[in-house]
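What the coordinates show
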Amino acid sequence: MEKRPFVVAIAGGTCSGKSTLTDRLEAHFATLCPTAVLHMDSYYKKECPTVVAPITGKVYPEHNTPDSLEMERFYSDFAQAVAPGSGNRLVLVEGLFPLHLQAIRERADLKVFVDLESDARLARRIVKFMAWGDTFQQVTDRYLDTVRFRHNELVEPSRWHADLVVNGTLDGNKAVQALCACLERMLEQA
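Computed from a predicted model, the values in this text were never measured in an experiment.

1. Description of the UniProt feature "domain: Phosphoribulokinase/uridine kinase" (unreviewed entry) in the protein chain
Residues annotated by UniProt as "domain: Phosphoribulokinase/uridine kinase" (unreviewed entry) correspond here to residues 86-167. In this annotation, residues 86-167 is assigned 49% helix and 18% strand; the end-to-end C-alpha distance for the span is 32 Å.

So, in structure tokens, the structure goes:
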């Protein structure tokens, strides 16, 4: 009889290291067991809703709420990935909201929150978004106007659902190795 897939939900703030952690876990487990990965960033709507910044009144595309995502498609893909007979042994779900969404939390066997100081997340975001063509002013205005508010409202409170909080610097610490070793044992026992 095929074992049910083991689900790891990985959440954290913008540029906290969620994708990096997920990519490292995927690389480690891909040769050990059938692994599926769902990056919530892949589910953004082509036309996102907008948000009015509470302080400046500027209007921005809204990417920091589940309303920005194609939730029906996400939940369908998630259901397929975790279904008996899917062939998956490990399912990694990564993004801003896995621990915010009750349906994902309830199905997750391990819930991880990637933590990183807000100034480090902002610095990473500046580098990342400027590489994509945004100006320094655009990145910082949007972060200060909307992103940090949504983080405080939706992402940060989800940390209390986590079984494990890891340091988002990832390089120079043993979080990835420890998590891989822990997951290997959990998979053997599940």
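2. Comments concerning the layout of surface pockets
Computed from the structure, the largest pocket encloses a volume of approximately 510 Å³. In terms of lining residues, the largest pocket is bounded by 24 residues, among which Thr14, Cys15, Asp41, Lys128 and Phe129 are the most central. Elements with a minimum of two residues in the lining of the largest pocket: helix H1 (18-29), helix H4 (118-131) and helix H5 (136-155). In terms of residue count, the dominant contributor to the lining of the largest pocket is H4 (four residues). In terms of residue class, the lining of the largest pocket is built from seven nonpolar, nine polar and eight charged.

3. A word on the nonpolar core
Counting 25 residues, the largest nonpolar core has Phe74, Val93 and Phe97 as the members making the most contacts within it. Secondary-structure elements contributing two or more residues to this core are strand E1 (6-12), strand E2 (35-39), helix H2 (71-82), strand E5 (90-94) and H5. When neighbours within four sequence positions are excluded, Val93 is seen to be in contact with Val7, Val8, Ala9, Ile10, Leu38, Phe74, Phe78, Pro98 and Ile104. Among the nonpolar cores identified, the runner-up in size contains 20 residues, and Leu21, Val112, Leu183 and Leu187 belong to it.

4. A short note on the sheet that holds E1
Overall, parallel pairing links the five strands, which are arranged E2-E5-E1-E6-E7 in an open sheet. Among the strands making up the open sheet, the edge pair consists of E2 and strand E7 (164-167). Between one strand axis and the next, the sheet turns by 20° as a mean value, whatever way the strands run. The pairing of E1 with strand E6 (residues 110-115) spans five bridges and is parallel. Opposite Gly12, over in E6, you have Val114 as the bridge partner.

Calculation rules
Residues numbered from 1 in each chain as written. Predicted model: local features only at pLDDT ≥ 70, side-chain atom pairs only at ≥ 80, totals over all residues. Heavy atoms only, no water. UniProt positions renumbered as here; feature names shortened; annotations may be inferred. Helix = DSSP H or I, 4+ residues; strand = E, 2+ residues; numbered from the N terminus. 1 Å grid on protein atoms, 1.4 Å probe; cavity = no way out; pocket = protein on both sides within 12 Å on 5 of 7 lines; lining within 4 Å. Points joined across faces, edges and corners; volume = space filled by probe spheres on them. Nonpolar A, V, L, I, M, F, W, Y, C, P; charged D, E, K, R; others polar. Core = buried A, V, L, I, M, F, W, Y, C linked by side-chain atoms within 4.5 Å. Buried < 20%, exposed > 50% of the residue type's maximum accessible area, 1.4 Å probe, protein only. Contact = heavy atoms within 4.5 Å. Pairing = 2+ DSSP bridges. Axes fitted to C-alpha atoms, helices over the stretch in contact; angles between N-to-C directions.

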